[in-house]
Structure formats: C-alpha cells, structure tokens
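Coordinate analysis (summary)
What follows is each chain in one-letter form.
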Amino acid sequence: MKRRRPTDAELAILRVLWTRGPSTVREVAEAMRHQGAYTTVLKTLQIMTEKGLVVRDERVRTHVYEAAFSESHTQKQLVTDLLDRVFDGSAAKLVLQALSTGKATPDELAEIRKLLDKHRGGRK
C-alpha cells in the first residue's frame, strides 16, 4: 500500500507521538490541549492506521498508537514530494526560496554552511 501524505491534523498528532512515544487516544488529545475532541482524535488515528501512518497495539484494552515512521523519515518524504510538485525536483530552488523568507537563525545558517562545505568536499 502506498502511503499518502499526512494532513495538517495528522501531522499534529504525529508530532505528539514523536515527542511522547506510544500513546493512547486520551494521552494524544490531552497533549494537544484538547485541540480536537477525544472522538475526533480517535477517528483521525483510525484513519491514520488505515493509511499506514501509525500502528496500533491492540494487546491491551486501551489501544496504544505509535508513529509508523520516524519524524526524519516523514520530513524527507514530504520534502521530496514538495521538491517534485513545486520545484521541478530542484533542491537549489527550494533552498533559495526557503532562505529568502529570512526565517533562518544564525545557528541554522552556520549549519547550512557546514552542509554545503561537506557536499563540496570540505573546500571553503
């Protein structure tokens, strides 16, 4: 089964699961500070299970949900999709557009510089 992209609501739940680890529906709803009612979170987790975004442990009465993929893996999938759909596969166009927003901190820019130097074989 091909995984579909998570919606914004599903990403919010995934962020909770990545931070907390395996959690019950109630724990997810509480961590989200009731952004979604219990039944909404439950229904969303059921859909996410069908989509392969989370796995459900049914060994105990209260089901426990866990992200099926790491945060890093999901981010890479979303960036790859964005690159293909919006930037014709060009990482340069994506990075230039992202940096043009002016939201990168000096520490983030230094990290980007290190990555660039690494990809150039360490030359400065």
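Structure: see above.
I will try to describe carefully the structure that is included in this document.

The rules behind the values
- Residues numbered from 1 in each chain as written.
- Predicted model: local features only at pLDDT ≥ 70, side-chain atom pairs only at ≥ 80, totals over all residues.
- Heavy atoms only, no water.
- Helix = DSSP H or I, 4+ residues; strand = E, 2+ residues; numbered from the N terminus.
- Rg over C-alpha atoms; globule rule 2.2 N^0.38 Å.
- Contact = heavy atoms within 4.5 Å.
- Areas by Shrake-Rupley, 256 points an atom, 1.4 Å probe, with all protein chains shown as cover.
- Lys, Arg positive; Asp, Glu negative; His and termini not counted.
- Charge placed at Lys NZ, Arg CZ, Asp CG, Glu CD.
- Buried < 20%, exposed > 50% of the residue type's maximum accessible area, 1.4 Å probe, protein only.
- Polar contact = N/O pair within 3.5 Å; in protein donor to acceptor, adjacent residues only side chain to side chain.
- Salt bridge = Lys/Arg side-chain N within 4 Å of Asp/Glu carboxyl O.
- Pairing = 2+ DSSP bridges.
- Axes fitted to C-alpha atoms, helices over the stretch in contact; angles between N-to-C directions.
- 1 Å grid on protein atoms, 1.4 Å probe; cavity = no way out; pocket = protein on both sides within 12 Å on 5 of 7 lines; lining within 4 Å.
- Points joined across faces, edges and corners; volume = space filled by probe spheres on them.

Another point: the overall build of the chain. A tally of helices and strands in the chain yields six helices and three strands. Walking the chain from its N terminus toward its C terminus, one meets helices and strands in the order α-β-α-α-β-β-α-α-α. Over its C-alpha trace the chain gives a radius of gyration of 18 Å, far above what one expects of a compact globule, namely 14 Å for 124 residues. Viewed in the frame of its principal axes, the chain has a C-alpha envelope of about 60 × 30 × 25 Å. The long-range fraction of contacts in the chain, counting pairs at least 24 apart against all pairs at least 6 apart in sequence, stands at 49%. For the chain, the exposed area adds up to about 9100 Å²; of that, 53% sits on carbon and sulfur atoms. Placing the 23 positive and 16 negative side-chain charges of the chain at their respective mean positions leaves the two points 3 Å apart.

A separate point is the environment of Arg20. Looking at where Arg20 falls in the secondary structure, it is placed in helix α1 (residues 8-20). A relative accessible area of 43% places Arg20 in the partly exposed class. C-alpha separation for the pair Arg20 and Gly121, spaced 101 residues apart in sequence, amounts to 38 Å. Within the local environment of Arg20, its side chain forms a polar contact with the side chain of Ser23, the two groups lying 3.1 Å apart. Separated by 3.4 Å, the side chains of Arg20 and Glu27 make a polar contact.

The next point concerns the pattern of salt bridges. Throughout the structure, instances matching the rule amount to eight salt bridges. In this structure, the salt-bridge partner of Arg20 is Glu27, at a minimum N-O distance of 3.4 Å. Since its relative accessible area comes to 29%, Glu27 is described here as partly exposed. When the shortest N-O distance is used, the salt bridge between Arg85 and Asp81 registers 2.7 Å. A residue pair is termed a helical-turn pair when its members lie 3 or 4 positions apart in one helix, as Arg85 and Asp81 do in helix α4 (residues 71-86) at four residues. For Asp81, a relative accessible area of 19% puts it in the buried group.

On the basis of which strands lie adjacent, the open sheet formed by three strands has the order β1-β3-β2 and antiparallel pairing. On the outer flanks of this sheet lie β1 (23-24) and β2 (54-57), each paired with one strand and no other. As paired strands, β2 and strand β3 (residues 64-67) are joined by four bridges and run antiparallel to one another. Residue Asp57 lies in a different strand from β3, and its bridge partner there is Val64. Running at roughly 95° to β3, α1 makes contact with β1, β2 and β3 of the sheet.

In this structure, the largest pocket occupies an estimated 560 Å³ of space. Lining of the largest pocket is provided by 13 residues; of these, Val95, Leu99, Glu108, Ile112 and Leu115 occupy positions nearest its centre. Looking at the lining of the largest pocket, the elements that each hand over two or more residues are α5 (91-99) and α6 (106-119). Considering each element in turn, the lining of the largest pocket owes the most residues, six residues, to α6.

Any functional reading would require information that these geometric values do not contain.
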